[in-house]
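# Structure assessment
Here is what each chain is made of, one letter per residue.
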Amino acid sequence: MRTLRTIAELRAALAPHRHEGLRIGLVPTMGAFHEGHLSLMRRARADCDIVVVSLFVNPKQFNEGADLDAYPRDEARDALLAADAGVDYLFAPDVHEVYPPGFAATVSLGALTEVLEGAQRGPAHFEGVATVVTKLFNMVAPDVAYFGQKDAQQTRVIKQLVRDLNMQVQIEICPIIREGDGLAMSSRNVRLSPDEREQATALSRALRIVAEQALAGESDADAVLAAGRAELDAAGVSTEYLEIVDGETFAPLTTIHGSALAVVAAWVGSTRLIDNHPLSTGSIAAQYAGAATAGSN
Ligand code: AMP
């Protein structure tokens, strides 16, 4: 695996592969790799001829300077892990390479970026994400790019970006990788104390409760959410939001239907965590049960 620092080096390295017609996959990351990141890299390795991983802690998507400063960084360890996952190129540019003096562009995507994560972290968060992903797509020109469902709203933002700006890249969304006790893997998990690590399991438990109640046939979002919030409160985490939203628009739902998604953001001590879980409604489960019964008769 080669580590590349400049856009010129990156383009020079990829040009011959592109000329040969090889399929280039990109996994954008901010480093501090865990199994979630590695699952995206392995998927890219399986699908593509050339795998590029970008490692760039994007200052434009951080709404708090303290969060940016405290973001875990260990490039040497990341490089070993990426090489082990079969990555061909680690693109790890300096901040000035990505945002040279005078940089002024912003990619803004409207309503979808103003709710939930956009409301809590401010409009600059998803503008920062959309801007850096646009730049990375222009730098790498990948055939396909891989993102994690862990950042569910971000995946929708990226899809809208690609659609609205006619970008020629296929977007693949990979499932959430969790610890054995359900905690969604995150680079921020390393900041949790042992007690906080225990508290943090409340997020996935709350989502599971919501999902189970929906599956059992409760379609009233408020009723289902109350049970989930109680779980978060009992664990002593500070909930920013626990909502049921449409999985496409991220608009809040009062009645749970087919493509609903439960999403949560909460502070555990000074660490902000997010998670999500798709909801299947009782009526759908009943339909499947009915179909299975009909099929067996
Ligand atoms: P990050 O370095 O946090 O910006 O994440 C880089 C990519 O890895 C994003 O597409 C994330 O959604 C994805 N990712 C982060 N955590 C997980 C996880 N637990 N499971 C799957 N993908 C993840």
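Notes on the structure in this doc start here. Bear in mind the structure is a predicted one, so any value in this text is a computation, not a measurement. (Residues numbered from 1 in each chain as written. Predicted model: local features only at pLDDT ≥ 70, side-chain atom pairs only at ≥ 80, totals over all residues. Heavy atoms only, no water.)

## Some details on the overall build of the chain
Threshold: Counting from the N terminus, the helices are the DSSP runs of H or I reaching at least four residues and the strands are the DSSP runs of E reaching at least two. This radius of gyration counts C-alpha atoms alone. The globule rule is 2.2 Å times how many residues there are, raised to the power 0.38. Any residue under 20% of the maximum accessible area for its type is buried, any over 50% is exposed, and the rest in between are partly exposed; the area is computed with a 1.4 Å probe on protein chains only. Using a 1.4 Å probe, accessible areas were evaluated by the Shrake-Rupley method; residue-level cover was limited to the displayed protein chains.
Helices and strands together make up the secondary structure of the chain, namely 12 helices and nine strands. Against the globule reference of 19 Å for 297 residues, the chain gives a C-alpha radius of gyration of 20 Å, in line with a compact fold. Here the C-alpha coordinates of the chain stretch approximately 60 × 50 × 35 Å along the principal axes. Counting the 297 residues in the chain, one finds 51% classified as buried. Accessible surface computed for the chain: about 13,400 Å², of which carbon and sulfur atoms make up 52%.

## Quick look at empty space enclosed by the protein
This is how it is decided: A cavity here means a set of points on a 1 Å grid, drawn over the protein atoms and nothing else, where a 1.4 Å probe fits but cannot get out; a pocket is an open set with protein on both sides within 12 Å along at least five of seven lines, and a residue lines either one if it has an atom within 4 Å of a point. Grid points are joined across faces, edges and corners, and a volume is the space filled by probe spheres set on the points.
Tallied over the full model, the rule gives one cavity of 30 Å³ or more. One number sums up the size of the largest cavity: a volume of about 50 Å³. Taken together, Leu 183, Ala 184, Ser 186, Asn 189, Leu 203, Ser 204, Leu 273, Ile 274 and Asp 275 form the lining of the largest cavity. Put simply, the parts of the chain that give the lining of the largest cavity at least two residues each are α10 (201–215) and β9 (271–278). In terms of residue count, the dominant contributor to the lining of the largest cavity is β9 (three residues).

## Examining the layout of surface pockets
Our working definition: Classes in brief: Ala, Val, Leu, Ile, Met, Phe, Trp, Tyr, Cys and Pro nonpolar; Asp, Glu, Lys and Arg charged; the others, Gly included, polar.
There is about 230 Å³ of room inside the second largest pocket. Lining the second largest pocket are 17 residues; nearest its centre among them are Leu 55, Phe 56, Val 57, Arg 73 and Pro 93. The residue makeup of the lining of the second largest pocket, split by class, is 10 nonpolar, one polar and six charged.

## Brief notes about helix α4 (residues 75–84)
Given 3.6 residues per turn, any residue in an α-helix points the same way as the ones three and four places further on. Note the threshold: Taken from the helix axis, the directions to the C-beta atoms give the arc we talk about. Contacts were defined at the residue level, with two residues in contact if any of their heavy atoms lie within 4.5 Å.
Looking only at α4, the buried set comprises Asp 78, Ala 79 and Ala 82. Projected down its long axis, α4 shows its buried positions confined to an angular sector of 100°, all on one face. Among the exposed residues of α4, those pointing more than 90 degrees away from its buried face are Ala 76, Leu 80 and Asp 84. For α4, the secondary structure elements touched by its buried residues are α2 (35–47), β3 (50–55) and β4 (89–91). Immediately beyond the C-terminal end of α4, within one or two residues, lies Gly 86, with a positive phi of roughly 90°.

## Examining the nonpolar core
Put simply, the rule is: To qualify as a nonpolar core, a set must consist of buried Ala, Val, Leu, Ile, Met, Phe, Trp, Tyr and Cys residues joined through side-chain atoms within 4.5 Å.
In this structure, Val 52 and Phe 137 are the most contacted members of the largest nonpolar core, which totals 44 residues. Among all residues touching Phe 137, those that are not within four sequence positions of it are Leu 26, Pro 142, Ala 145, Phe 147, Ile 158, Val 162, Met 167, Val 169 and Ile 171.

## Some points on the pairing of β3
For clarity, the cut-off: Pairing between strands is defined by DSSP: at least two bridges between the two strands are required. Look down the strands so they point away from you; if going from the first strand over the helix to the second traces a clockwise path, that crossover is right-handed.
Along β3, six of the six residues are buried, which leaves the element largely enclosed by surrounding structure. Residues Ile 50, Val 52 and Ser 54 of β3 are buried on one face, and the alternating residues Val 51, Val 53 and Leu 55, pointing to the opposite face, are buried as well. Direction of pairing for strand β2 (residues 24–29) relative to β3: parallel, over a ladder of six bridges. Looking across to β3, one finds that Val 27 is bridged to Val 53. Each parallel crossover has a hand, and the one from β2 via α2 to β3 is right-handed.

## Concerning the packing of helix α7 (residues 123–140) against helix α8 (residues 152–164)
Applicable threshold: For helices, the fitted axis covers only the stretch in contact; all axes are lines through C-alpha atoms, and the angles between them, taken along N-to-C directions, range from 0 to 180 degrees. In what follows, roughly perpendicular refers to angles from 65 to 115 degrees, roughly parallel to angles under 35, roughly antiparallel to angles over 145, and oblique to any angle outside these ranges. For any helix crossing, the convention is left-handed if the near helix is rotated counterclockwise from the far helix by under a right angle, and right-handed if that rotation is clockwise.
Taken N-terminus to C-terminus, the directions of α7 and α8 make an angle of 55°; their axes are 10 Å apart at the nearest point. Between α7 and α8, the interaxial angle falls into the category oblique. Of the two possible hands of crossing, α7 and α8 adopt the one that is right-handed. Note on element contacts: α8 touches α7 through Gln 153, Gln 154, Val 157, Ile 158, Leu 161 and Val 162, opposite Phe 126, Val 129, Ala 130, Val 133, Thr 134 and Phe 137. Each residue belonging to the contact of α7 with α8 can be placed in one class, and the counts come to nine nonpolar, three polar and no charged.

## Details of the pattern of salt bridges
Note the following rule: Whenever a carboxyl oxygen of Asp or Glu lies within 4 Å of a side-chain nitrogen of Lys or Arg, that contact is scored as a salt bridge.
For the coordinates displayed, the defined rule picks out 15 salt bridges. Between Arg 178 and Asp 275 there is a salt bridge; the shortest N-O distance is 2.8 Å. Here Arg 178, found in the loop between β6 (170–174) and α9 (194–199), pairs with Asp 275, found in strand β9; they are 97 residues apart in sequence, far enough to count as distant. The partner of Glu 231 in a salt bridge is Arg 205, and the shortest N-O contact between them spans 2.6 Å. Here the residue Glu 231 occupies a position in helix α11 (residues 221–235), and Arg 205 occupies one in helix α10, the gap between them amounting to 26 residues. Look at the salt bridges and you will find they share partners, linking Arg 43, Asp 47 and Glu 172 into a network.

## Digging into the sheet that holds β9
Sheet architecture is open: three strands sit in the order β7-β8-β9, paired in antiparallel fashion. Two strands lie at the open edges of the sheet, namely β7 (238–246) and β9, each paired on one side alone. On average, each strand axis in the sheet is tilted by 15° relative to the strand beside it, whichever way the strands run. Where β7 meets strand β8 (residues 260–268), eight bridges bridge the pair, whose relative direction is antiparallel. Bridging across to β8, Thr 239 finds its partner in Ala 266. Packed on one face of the sheet, α11 meets β7 and β8 and runs near 155° to β7.

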